[in-house]
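Chains, contacts and geometry: an overview
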Amino acid sequence: MYDALLAETVTLAGHDGDLIEAYSARPLAPGPLGGVVVIHHMPGYDRASKEITRRFAAEGYAAVCPNLYSREAPGADPDDAAAAARAQGGVPDARLVGDVAGAIRYLRGLPSSNQRVATIGYCSGGRQSVLAACSLDVQAAVDCYGAFVIGSPPAGLGLAAEPLTPLLGNLSAPLLGLFGADDQHPAPAETAELEAELSKHGKTYEFHTFEGAGHAFFAVDRPSYRPQAAVEGWNRVFDFFGRHLSD
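Calculation rules
Residues numbered from 1 in each chain as written. Predicted model: local features only at pLDDT ≥ 70, side-chain atom pairs only at ≥ 80, totals over all residues. Heavy atoms only, no water. Helix = DSSP H or I, 4+ residues; strand = E, 2+ residues; numbered from the N terminus. Rg over C-alpha atoms; globule rule 2.2 N^0.38 Å. Pairing = 2+ DSSP bridges. Axes fitted to C-alpha atoms, helices over the stretch in contact; angles between N-to-C directions. 1 Å grid on protein atoms, 1.4 Å probe; cavity = no way out; pocket = protein on both sides within 12 Å on 5 of 7 lines; lining within 4 Å. Points joined across faces, edges and corners; volume = space filled by probe spheres on them. Nonpolar A, V, L, I, M, F, W, Y, C, P; charged D, E, K, R; others polar. Parallel < 35°, antiparallel > 145°, perpendicular 65-115°, else oblique. Contact = heavy atoms within 4.5 Å.

Things to note about the overall build of the chain
Along the backbone of the chain there are 6 helices and 8 strands. Tracing the chain from N to C terminus, the helices and strands come up as β-β-β-α-β-α-α-β-α-β-β-α-β-α. The C-alpha radius of gyration of the chain comes to 17 Å, within 12% of the 18 Å expected for a compact globule of 247 residues. Across its three principal axes, the chain shows a C-alpha extent of roughly 45 × 35 × 35 Å.

Some words on the sheet that holds strand 5 (residues 113–122)
What the 8 strands build is an open sheet, ordered 1-2-4-3-5-6-7-8; its pairing is mixed. Both outer strands of the open sheet, strand 1 (5–13) and strand 8 (205–210), are each paired with one neighbouring strand and no more. In this sheet, adjacent strand axes meet at a mean angle of 20° when their direction is disregarded. Bridge count between strand 6 (residues 140–144) and strand 7 (residues 175–180): 4 bridges; the pairing is parallel.

Focus on empty space enclosed by the protein
Evaluated as defined, the whole model comprises 1 cavity of 30 Å³ or more. Space inside the largest cavity adds up to approximately 50 Å³. Considering the residues around the largest cavity, the lining is formed by Asp143, Gly146, Ala147, Phe148, Val149, Ile150, Phe179, Pro186, Glu190, Thr191 and Leu194. Residue contributions to the lining of the largest cavity peak at 3 residues, all from helix 5 (residues 188–200). Looking at side-chain class alone, the lining of the largest cavity contains 7 nonpolar, 2 polar and 2 charged residues.

What to know about the packing of helix 3 (residues 93–108) against helix 4 (residues 124–135)
In the contact formed by helix 3 and helix 4, the axes pass within 10 Å of each other and the chain directions differ by 75°. Classed by the angle they form, the pair helix 3 and helix 4 counts as roughly perpendicular. On helix 4, the residues that touch Asp93, Leu96, Val97 and Val100 of helix 3 are Arg127, Gln128, Leu131, Ala132 and Ser135. Looking at the contact of helix 3 with helix 4, its residues break down into 5 nonpolar, 2 polar and 2 charged.

Thoughts on the layout of surface pockets
The computed volume of the largest pocket comes to approximately 530 Å³. In this structure, the largest pocket is lined by 26 residues; those nearest its centre are Ala48, Ile52, Phe218, Ala219 and Val220. Elements with a minimum of two residues in the lining of the largest pocket: helix 1 (47–58) and helix 6 (227–244). A total of 6 residues in the lining of the largest pocket trace back to one element, the largest contributor, which is helix 1. When its residues are assigned to classes, the lining of the largest pocket shows 15 nonpolar, 4 polar and 7 charged. By volume, the second largest pocket is sized at about 330 Å³. Along the wall of the second largest pocket there are 23 residues; nearest its centre are Met42, Ser124, Ala147, Phe148 and Leu159. It is helix 4 that provides the largest number of residues to the lining of the second largest pocket, a total of 3 residues. Residues of the lining of the second largest pocket, tallied by class, amount to 11 nonpolar, 8 polar and 4 charged.

Take a look at the structure:
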């Protein structure tokens, strides 16, 4: 099997037509390929987010990770860009939806695309993955320990995020949720409440909560990394995408 990949920085049109930076990775194969929009975590558009994007390409998907902080701090170090975005209350929801819509257009515009696209997000990106799937036409969505899908951030956290509860009836695709039993944001009670809301609306979802894991258990370069939960989580993601992104 021909397994060459192309990974590169690209520019795409996001919210209101703004040109934003993004990281693209895809197999150099004729396709047809499903697409994945990777929504980076609060620490930003960093090396770990780009590694995740390349991993999806290695598994046979066209993937793109938009830099959600392109406007606050173009070309800045990820830590500095994240600090600048946090100082403004985080990424506004309307802008997030517009930027993800631009990433979806980019993926569907590739000659190898099969027109089926998913979103996946980590930490704040998990909430944003749900938001995107409630606002845009996608075929699958994954929420990796997304905080404040249900409930609002504590006042001292400096994030201007509203609960997504009123939007859940608009969820356009099956949702996979991956959570840690030891997490506080979201705590297991919040994920149970989210599950109840999705069930009330008759949505298709599957949630998995991993014992002994807290927030950011996928992050290989952080003390929160839990190998067993991460390996099982990746397997769940690829099984889910295999069912929903193939022709």
